[in-house]
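Structural overview
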Amino acid sequence: MRNIRAIIYGVGRMGAIATRLMLEQGVEIVGAISQSPSKVGRDLGDVAGLGVKTNVLVESDAAAVLGARAPDIAVVTVSSYLAEMYEHLRLCADNRVNAVTLAEEALYPWRTSPVLTAQLDALARERGVTITGTGQQDVYWVNLVALMMGTAHRVDEVVGRVSWNVDDYGPEVARDQHVGESVETFARFAAGADRPPTFGRNTLDALVAGSGLRVASIENTTRAAVAESEMYSSTLDIKIPTGHVVGFTDIDTIRTVEGPVFALEMTGSVYKEGQGDINDWEIHGEPDLRVVNPAVPTQVTTCTQLVNRIPDVINAAPGFVTVDQLPPLRYRPFPLGAYLAR
Ligand SMILES: NC(=O)c1ccc[n+]([C@@H]2O[C@H](COP(=O)([O-])OP(=O)(O)OC[C@H]3O[C@@H](n4cnc5c(N)ncnc54)[C@H](OP(=O)(O)O)[C@@H]3O)[C@@H](O)[C@H]2O)c1
């Protein structure tokens with residue numbers, strides 16, 4: 001067995017957790033990339049709050065780190081949308097480094113950013129590496145639901161209702177969820193013609209594609225979640241006045257040419273006291289089915305899926321390979337290098 005050599009690309013809230021999980025699973029971290037002056041030049045163990053030195057310094061020149069360290073894979077925890085992620089993923093592929101990312105759009109970007117995805121796919125194939133998006137959606141919103149659909153004789157409708165706490169994540173996420181904005185500013189975003197795809201849309205696209213169905217139409221509505229009394233966001237360290245935005249709910253609906261309808265209501269907001277995560281999927285048809293996972297520790301399960309996917313991504317065929325095309329995620333009791341096919 002050989003060790004997997006990895007680079008952690010983006011040492012924020014998720015990158016710090018992923019760093020610990022990788023080290024505990026026998027992954028050799030050979031580089032760390034971030035950008036803020038408060039992190040660059042420091043030991044990764046200190047920046048990630050591990051309480052031990054890793055002897056890996058955080059650096060800011062991604063091209064130099066990717067080009068010089070011969071990693072097997074980059075674990076990319078930087079941002080959400082392909083427009084921003086393109087250059088990071090292009091750099092990985094160009095340097096012949098596989099990439100696994102938490103970027104929500106990367107879960108299934110073929111329909112929301114077809115040109116950028118095709119360009120990354122072509123480059124990855126040419127360089128012989130794989131790019132995959134994973135995260136909380138992988139098992140809890142795509143593969144568990146797809147597995148349950150496999151027990152149906154007929155599916156008429158798949159309806160998901162999910163929620164997560166913005167304060168479980170870093171500032172990148174809180175900004176994307178418009179936390180602290182006035183409802184008027186939020187309304188302009190929600191009505192904007194060029195707003196980025198919803199995270200729910202990519203989840204449904206993965207479910208539809210994984211079922212071999214074709215998209216007939218797509219609808220989306222968005223509503224703000226508003227503070228009923230003054231709230232506090234620990235991630236942004238701000239007080240949110242009554243009546244201001246604490247996050248929002250997207251409702252996406254995809255109708256397929258073949259008939260089944262897929263809908264997902266997804267809320268990402270700063271939680272009130274006592275509020276908990278929702279992961280609730282209903283499959284209507286013959287028979288009616290349901291998958292419910294309350295109180296998932298999403299912060300951790302996001303990163304366990306990211307890290308446990310590493311061998312699958314290295315083993316996969318070159319290209320932009322989405323999770324519906326990978327083997328089911330498995331528990332990894334042995335060092336991750338033990339799961340490499342070659
Ligand atoms: N799919 C999922 O289930 C899932 C779950 C959680 C999060 N996410 C996504 O994962 C991303 C990271 O989340 P998070 O909670 O870890 O956010 P975060 O704490 O804000 O971390 C983002 C990190 O990216 C780094 N970064 C930003 N731009 C960079 C650049 N140009 N070059 C190098 N590093 C750069 C930042 O570096 P500095 O700190 O040095 O500025 C920061 O450390 C977000 O987009 C989030 O939406 C996905």
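Residues numbered from 1 in each chain as written. Predicted model: local features only at pLDDT ≥ 70, side-chain atom pairs only at ≥ 80, totals over all residues. Heavy atoms only, no water.

**Notes on the sheet that holds strand 13 (residues 278-286)**
Taking strand neighbours across the sheet as the criterion, the six strands line up as 8-11-12-7-13-14 in an open arrangement whose pairing is mixed. Edge strands, defined here as strands with exactly one partner in the open sheet, are strand 8 (215-226) and strand 14 (289-292). Adjacent strand axes in the sheet meet at a mean angle of 10° when their direction is disregarded. Where strand 8 and strand 11 (residues 245-256) come together, 11 bridges link them in antiparallel fashion. By the bridge assignment for strand 11, I218 is matched with I254. Contacts from helix 6 (residues 136-149) reach strand 7 (154-165), strand 12 (261-269), strand 13 and strand 14, with the element oriented near 20° to strand 13. Against the sheet, helix 8 (residues 183-191) touches strand 8 and strand 11, its axis set at about 170° to strand 8. (Pairing = 2+ DSSP bridges. Helix = DSSP H or I, 4+ residues; strand = E, 2+ residues; numbered from the N terminus. Axes fitted to C-alpha atoms, helices over the stretch in contact; angles between N-to-C directions. Contact = heavy atoms within 4.5 Å.)

**Notes on the pattern of salt bridges**
Using the criterion set out here, one finds 25 salt bridges in the structure. In this structure, the salt-bridge partner of E282 is R290, at a minimum N-O distance of 4.0 Å. Under the relative-accessibility criterion, R290 is labelled partly exposed at 49%. One network of salt bridges, with partners in common, ties together E87, R90, D94, E126 and R127. (Salt bridge = Lys/Arg side-chain N within 4 Å of Asp/Glu carboxyl O. Buried < 20%, exposed > 50% of the residue type's maximum accessible area, 1.4 Å probe, protein only.)

**Details of the sheet that holds strand 6 (residues 130-133)**
Strand order in this open sheet of seven strands is 3-2-1-4-5-6-15, and the pairing throughout is parallel. Of all strands in the sheet, those with a lone pairing partner are strand 3 (58-59) and strand 15 (319-320), marking the two edges. For strand 1 (residues 5-9) and strand 2 (residues 28-33), the ladder comprises five bridges, and the chain directions are parallel. Looking at strand 2, one finds that I8 is bridged to A32.

**Some words on the domain arrangement of the protein**
How big an interface is tends to be stated in terms of accessible area lost as the parts join. You can read the domains of the protein as domain 1 (5-134 + 309-339) and domain 2 (137-296). Here domain 1 and domain 2 have C-alpha centroids that lie 24 Å from each other. Seen at the junction of domain 1 and domain 2, the total is two salt bridges. For D205, the salt bridge goes to R111, with nearest N and O atoms at 3.9 Å. Taken together, the connections running from domain 1 to domain 2 amount to eight residue pairs in polar contact (both at pLDDT 80 or more). Class assignment for the residues of the side of domain 1 that touches domain 2 results in eight nonpolar, four polar and six charged. (Domains from an automatic or database assignment. Polar contact = N/O pair within 3.5 Å; in protein donor to acceptor, adjacent residues only side chain to side chain. Nonpolar A, V, L, I, M, F, W, Y, C, P; charged D, E, K, R; others polar.)

**Some words on the packing of helix 6 against helix 10 (residues 298-308)**
If you want to describe how two helices pack, look at the angle between their axes and the distance between the axes. Remark: helix 6 packs on helix 10, axes separated minimally by 6 Å, with the N-to-C direction vectors making an angle of 100°. Our classification of the angle between helix 6 and helix 10 gives roughly perpendicular. Here helix 6 contributes Q136, D138, V139 and Y140 to the contact with helix 10, which in turn contributes T298, T301, T302 and Q305. Residue composition of the contact of helix 6 with helix 10, by class: two nonpolar, five polar and one charged. (Parallel < 35°, antiparallel > 145°, perpendicular 65-115°, else oblique.)

**Concerning the packing of aromatic side chains**
Inspection of the entire model under this criterion finds six aromatic pairs. Pairing F189 with F248 gives two aromatic rings, centres 5.7 Å apart and planes at 55°, and the pair type is tilted. Residue F189 is found in helix 8, and its partner F248 is found in strand 11; the two are separated by 59 residues along the sequence. Taking the relative accessible area as the measure of exposure, F189 reaches 17% and is therefore buried. One aromatic cluster is present, formed by F186, F189 and F248 through successive ring pairs. (Phe/Tyr/Trp six-rings, centres within 6.5 Å; stacked < 30°, edge-to-face > 60°.)

**Thoughts on the nonpolar core**
Within the largest apolar cluster, 74 residues are counted, with the highest numbers of intra-cluster contacts made by I8, M22, W281 and I310. Per-element tally for this core: the top contributor is helix 6, with six residues. Two domains each donate at least three residues to this core, and these are domain 1 (5-134 + 309-339) and domain 2 (137-296). The residues touching I8, leaving out its near neighbours within four places in the chain, are G15, A18, T19, M22, I29, G31, A32, I33, L44, V75 and T77. Grouped together as the second largest cluster of nonpolar side chains are 26 residues, I33, A62, C92 and L123 included. (Core = buried A, V, L, I, M, F, W, Y, C linked by side-chain atoms within 4.5 Å.)

**Let's talk about the site of the ligand**
Within the structure, the ligand sits among 26 residues, and S36, K39, E104, Q136 and G170 are positioned closest to it. Q35 is positioned such that a nitrogen or oxygen atom in its backbone is 2.9 Å from an oxygen atom of the ligand. Within the backbone of L102, a nitrogen or oxygen atom sits 2.9 Å from a nitrogen atom of the ligand. In isolation the ligand exposes 920 Å². Once the protein is present, 88% of that is buried. The set of elements that each furnish at least two residues to the shell around the ligand consists of helix 1 (13-24), helix 6 and helix 7 (171-176). A total of three residues in the shell around the ligand trace back to one element, the largest contributor, which is helix 7. (Near = heavy atom within 4 Å. Areas by Shrake-Rupley, 256 points an atom, 1.4 Å probe, with all protein chains shown as cover.)

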